[in-house]
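# Working through the structure, step by step
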Amino acid sequence: APARPSRDASLFAQHFATREQWLVAAVEQLRPLFAELGHELPVVRVSVGWGSSRAAATLGECWHPKSATDGIGQVFIAPSRRFWVPEPVEGPGSRVSGL
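Just so we're clear, the structure is a prediction, and the values are computed from it rather than from any experiment.

On to the pattern of salt bridges, then. Tallied over the full model, the rule gives two salt bridges. Measuring nitrogen to oxygen at the nearest pair gives 3.0 Å for the salt bridge that ties Arg31 to Glu28. Placement of the pair is Arg31 and Glu28 together in helix α1 (residues 19-36), with a separation of three residues, close to one helical turn.

See the structure below:
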């Protein structure tokens, strides 16, 4: 099993001015965990924003690097309150699956 970050290094223990800053930090904190499992996370932009359908049930959306002029993949997380309330399964799972 991959080593887990210490509780002191938890993203929840840190202060971020924006949700985007928290998401960027989360991606960086997940990089070593993915590496331990033999997967390298590509460069990716992650932000809060509505997906192309704006459906209420959509928690996030991923865009392939080929759809961006600079070739960097995009992950958008819906700004709905439901997502940002900490949930051990639904919330973090959505963020990780987008990577």
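Let us keep going from here.
Strands sit in the order β1-β3-β2 across an open sheet of three strands; the sheet is mixed. Edge strands, defined here as strands with exactly one partner in the open sheet, are β1 (44-48) and β2 (60-63). Ignoring which end each strand starts from, the neighbouring axes of this sheet average 15° apart. Alignment of β2 against strand β3 (residues 73-77), held across four bridges, turns out to be antiparallel. Each residue of the ladder has a partner; that of Trp63, found in β3, is Gln74.

On to the confidence of the model for the protein. Counting all residues, the mean pLDDT for the protein is 76, and 65% of those residues have values of 70 or more. For the protein, per-element mean pLDDT is lowest for helix α3 (residues 90-98), which scores 53, and highest for β1, which scores 91. This stretch, residues 87-91, has a pLDDT under 50; its non-local contacts, to residues over four places away or in other chains, come to five contacts.

The element β3 is largely enclosed, with a buried count of four among its five residues. As paired strands, β1 and β3 are joined by five bridges and run parallel to one another. Bridge pairing in β3 places Val46 opposite Val75.

Our focus in this paragraph is the nonpolar core. By size, the foremost hydrophobic cluster in this structure holds ten residues: Trp22, Leu23, Ala26, Val27, Phe34, Leu41, Val46, Val48, Val75 and Ile77. Per-element tally for this core: the top contributor is α1, with five residues.

Here the focus is the side chain of Gln74. Structurally, the position occupied by Gln74 is in strand β3. In terms of polar contacts, Gln74 uses its side chain to reach the backbone carbonyl oxygen of Ile72, at 2.7 Å. Sequence-distant contacts of Gln74, that is, excluding residues within four places in its chain, are made with Val44, Arg45, Glu61, Cys62, Trp63 and Ala68.

For the rest of this paragraph, the subject is α1. Between the first and last C-alpha of α1 there are 27 Å, a value that for 18 residues agrees with the 26 Å anticipated at 1.5 Å per step. The largest bend along α1 measures about 30° and falls at Leu30, with the proline Pro32 one to four residues further on. Along α1, the positions that sit buried rather than exposed are Trp22, Leu23, Ala25, Ala26, Val27, Leu33 and Phe34. Just downstream of α1 lies Gly38, where phi reads positive at about 85°.

About the thresholds
- Residues numbered from 1 in each chain as written.
- Predicted model: local features only at pLDDT ≥ 70, side-chain atom pairs only at ≥ 80, totals over all residues.
- Heavy atoms only, no water.
- Salt bridge = Lys/Arg side-chain N within 4 Å of Asp/Glu carboxyl O.
- Helix = DSSP H or I, 4+ residues; strand = E, 2+ residues; numbered from the N terminus.
- Pairing = 2+ DSSP bridges.
- Axes fitted to C-alpha atoms, helices over the stretch in contact; angles between N-to-C directions.
- pLDDT = per-residue confidence, 0-100.
- Contact = heavy atoms within 4.5 Å.
- Buried < 20%, exposed > 50% of the residue type's maximum accessible area, 1.4 Å probe, protein only.
- Core = buried A, V, L, I, M, F, W, Y, C linked by side-chain atoms within 4.5 Å.
- Polar contact = N/O pair within 3.5 Å; in protein donor to acceptor, adjacent residues only side chain to side chain.
- Expected span 1.5 Å × (residues − 1).
- Bend = angle between axes of the 7 residues up to and from the residue.

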